[in-house]
Amino acid sequence: LQRNTLVLSTSLSERSRELRLCNASLGTAIQAQRLLHHRLQAVYAVSFHSLAYLRPPQDGEESAFREPQPRQLTMMLRAGFEGKREMLESYEFEKVFGPELDAVGVFQELTPFLTRVINWQNACIVFHGGRNSGKRAVALGADFVDEGGRTEVVPGVMQQALHFMAHVYQEELMRVLKAKQQELFDLSLFIELSEVVGDTVVHHMQAGADG
């Protein structure tokens, strides 16, 4: 009886130890899950920005949207459907830029969102829109002819982003050189500019450490 009691006590002790280990593992897993959740929340809150730009209408065009609101775009109703307010389609964005801006103005508005680039982290800018919506002109720039017949070259957001990165790089380099810490300056910059046309990907530029 004493031997059986000793065996049972030893077995219960082992099971108790296993339960404590499982409890600790479960606590670690829950803590890791919470940490991952907080990180995902931080990523979605900081790193992803949904912005809209309503370009100026060209000659003979009529805007498909009503007067833009700071964070909302609402489609215009077609003729004959003005009273059908239930057919209105509205889209929410973090910020909406009106047609008074060109590509330079759009980039100036985007600058506060470039925190990842300033901190030397990866960043991606995606231009999405329908056919003839102005994606290429805003992204890559375009030539505009004013009323006097003079051609004005307006750089696209991507060209301005490259100049911005070069400026940030030079400032960081000068800071390191001034502090005489050249051995600590190790930076690899890789840039790619591509365009999706139908089922084809066109690479306009690829440069950097691996390019």
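Above this text you will find the structure in question.
Heads up: these notes are all about the structure in this document. Given the structure is predicted, the values throughout are model-derived calculations rather than measurements.

On a plain count of helices and strands, the protein comes out with five helices and eight strands. Its helices and strands in sequence order give the protein the pattern α-β-β-β-β-α-α-α-β-β-α-β-β, from N to C terminus. Residue pairs at least 24 apart in sequence account for 41% of intrachain contacts in the protein once pairs closer than 6 positions are excluded. Surface accessibility of the protein: about 16,900 Å² in total, with carbon and sulfur atoms responsible for 54%.

So, about the environment of glutamate 62. Structurally, the position occupied by glutamate 62 is in the loop between β1 (51-53) and β2 (72-74). By relative accessible area, which is 77% here, glutamate 62 ends up exposed. For the pair glutamate 62 and methionine 76, spaced 14 residues apart in sequence, the C-alpha to C-alpha distance is 9.9 Å.

With that settled, the discussion passes to the packing of aromatic side chains. This structure, assessed with the given rule, holds one aromatic pair. For the pair phenylalanine 107 and phenylalanine 164, a centre-to-centre distance of 6.2 Å together with 70° between the ring planes defines the contact as edge-to-face. With a gap of 57 residues between them, phenylalanine 107 in helix α2 (residues 103-110) and phenylalanine 164 in helix α5 (residues 157-178) connect regions that are remote in the sequence. Under the relative-accessibility criterion, phenylalanine 107 is labelled buried at 8%. Residue classification places phenylalanine 164 among the buried positions, given a relative accessible area of 18%.

Turning our eyes to something else, we now look at the pattern of salt bridges. This model, assessed by the stated rule, comprises three salt bridges. Between lysine 95 and glutamate 109 there is a salt bridge, with the nearest N and O atoms lying 2.8 Å from each other. With lysine 95 in strand β4 (residues 95-97) and glutamate 109 in helix α2, this pair connects stretches of sequence that are 14 residues apart. Using a relative accessible area of 31% as the deciding quantity, one classes lysine 95 as partly exposed. Residue classification places glutamate 109 among the partly exposed positions, given a relative accessible area of 27%. Put simply, arginine 136 and glutamate 195 hold a salt bridge, and the shortest N to O gap is 2.6 Å. Taken together, the residues arginine 136 in helix α4 (residues 135-140) and glutamate 195 in strand β7 (residues 190-197) connect sequence positions 59 residues apart.

A word on the side chain of glutamine 160. One can find glutamine 160 in helix α5. For glutamine 160, a relative accessible area of 10% puts it in the buried group. Those residues in contact with glutamine 160 that sit more than four places away from it in its chain are Ala103, Val104, Phe107 and Pro155.

Turning next to the side chain of arginine 55. Tracing the chain through its elements places arginine 55 in the loop between β1 and β2. Classification of arginine 55 as buried rests on a relative accessible area of 19%.

Core analysis: the largest hydrophobic core is formed by twelve residues, namely Phe97, Val106, Phe107, Leu110, Leu114, Val117, Val138, Val157, Ala161, Phe164, Met165 and Val168. Examining the composition of this core, we find that five residues originate from one element, α5, more than from any other. Once residues lying within four places of it in the same chain are set aside, the contact partners of phenylalanine 107 are Leu114, Val157, Gln160, Ala161 and Phe164.

Remark: α2 packs on α5, axes separated minimally by 9 Å, with the N-to-C direction vectors making an angle of 50°. Taken as axis vectors, α2 and α5 run oblique relative to one another. Read as a crossing pair, α2 and α5 show a hand that is right-handed. Facing Ala103, Val104, Val106, Phe107 and Leu110 of α2, the residues of α5 in contact are Val157, Gln160, Ala161 and Phe164.

What counts and how
- Residues numbered from 1 in each chain as written.
- Predicted model: local features only at pLDDT ≥ 70, side-chain atom pairs only at ≥ 80, totals over all residues.
- Heavy atoms only, no water.
- Helix = DSSP H or I, 4+ residues; strand = E, 2+ residues; numbered from the N terminus.
- Contact = heavy atoms within 4.5 Å.
- Areas by Shrake-Rupley, 256 points an atom, 1.4 Å probe, with all protein chains shown as cover.
- Buried < 20%, exposed > 50% of the residue type's maximum accessible area, 1.4 Å probe, protein only.
- Phe/Tyr/Trp six-rings, centres within 6.5 Å; stacked < 30°, edge-to-face > 60°.
- Salt bridge = Lys/Arg side-chain N within 4 Å of Asp/Glu carboxyl O.
- Core = buried A, V, L, I, M, F, W, Y, C linked by side-chain atoms within 4.5 Å.
- Axes fitted to C-alpha atoms, helices over the stretch in contact; angles between N-to-C directions.
- Parallel < 35°, antiparallel > 145°, perpendicular 65-115°, else oblique.
- Left-handed = near helix turned anticlockwise from the far one by under 90°.

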